[in-house]
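# Observations on the three-dimensional arrangement
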Amino acid sequence: MTSFPLPQPRGIDLSLPTCGEIQCSDHGSCLSEPGGGTGFVCSCDLGYQGEACEDTVNGALSLPLTLSVLAVIFGVLMVAFLVAKITQKRNRNRKQQAAKQGYNIAV
């Protein structure tokens, strides 16, 4: 029994990249130009912009946002450090006051 190769589909080569992958940076879909032209325009996915959907909307905010978050974290750490130091100093002062007055109080 001889086997014959299966016929290949004609007209569409599925191994070729689509218009969205080529023209829209894989972040949008191709639409035909308004008015019936032969070209394509990109309809970008949420979060992308530009002629070929190559730019992120929040790309310009990434550095300032990162610096702001780091500043807030640093500020919280500083406040926690100061509160710990003040509490330690108060406890030391209480012990010294108790020792001066002759009390033996564990704080």
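Note that the coordinates shown come from a computational prediction; the quantities given were computed from them, not determined experimentally.

## Structural notes on the overall build of the protein
Per the secondary structure count, the protein includes 2 helices and 4 strands. Along the protein, helices (α) and strands (β) appear in the sequence α-β-β-β-β-α when read from the amino end. Out of the 107 residues belonging to the protein, those deemed buried represent 5%. At a minimum sequence separation of 6, the contacts of the protein that also span at least 24 residues come to 14%. Of the roughly 9600 Å² of accessible surface on the protein, 62% is carried by carbon and sulfur atoms.

## Some points on the UniProt feature "transmembrane region" (unreviewed entry) in the protein
Feature annotation in UniProt assigns "transmembrane region" (unreviewed entry) to the following positions: residues 65-84. Between the C-alpha atoms that bound residues 65-84 the distance is 29 Å, and the span itself is 100% helix and 0% strand.

## So, the state of the cysteines
Per the stated rule, a full pass over the model turns up 2 disulfides. Paired through a disulfide, Cys-24 and Cys-42 show a sulfur-sulfur distance of 2.0 Å. Residues Cys-24 and Cys-42 are joined by a disulfide whose S-S torsion is about -95°; by sign, that bridge is left-handed. Here Cys-42 lies in strand β2 (residues 40-44) and Cys-24 lies in the loop between α1 (19-23) and β1 (28-32), a separation of 18 residues in the sequence. Two residues, Cys-44 and Cys-53, share a disulfide whose sulfurs are 2.1 Å apart. Residues Cys-44 and Cys-53 are joined through a disulfide that is left-handed, its torsion about the S-S bond being -95°. Overall, Cys-53 belongs to the buried group, its relative accessible area being 0%.

What counts and how
- Residues numbered from 1 in each chain as written.
- Predicted model: local features only at pLDDT ≥ 70, side-chain atom pairs only at ≥ 80, totals over all residues.
- Heavy atoms only, no water.
- Helix = DSSP H or I, 4+ residues; strand = E, 2+ residues; numbered from the N terminus.
- Buried < 20%, exposed > 50% of the residue type's maximum accessible area, 1.4 Å probe, protein only.
- Contact = heavy atoms within 4.5 Å.
- Areas by Shrake-Rupley, 256 points an atom, 1.4 Å probe, with all protein chains shown as cover.
- UniProt positions renumbered as here; feature names shortened; annotations may be inferred.
- Disulfide = S-S within 2.5 Å.

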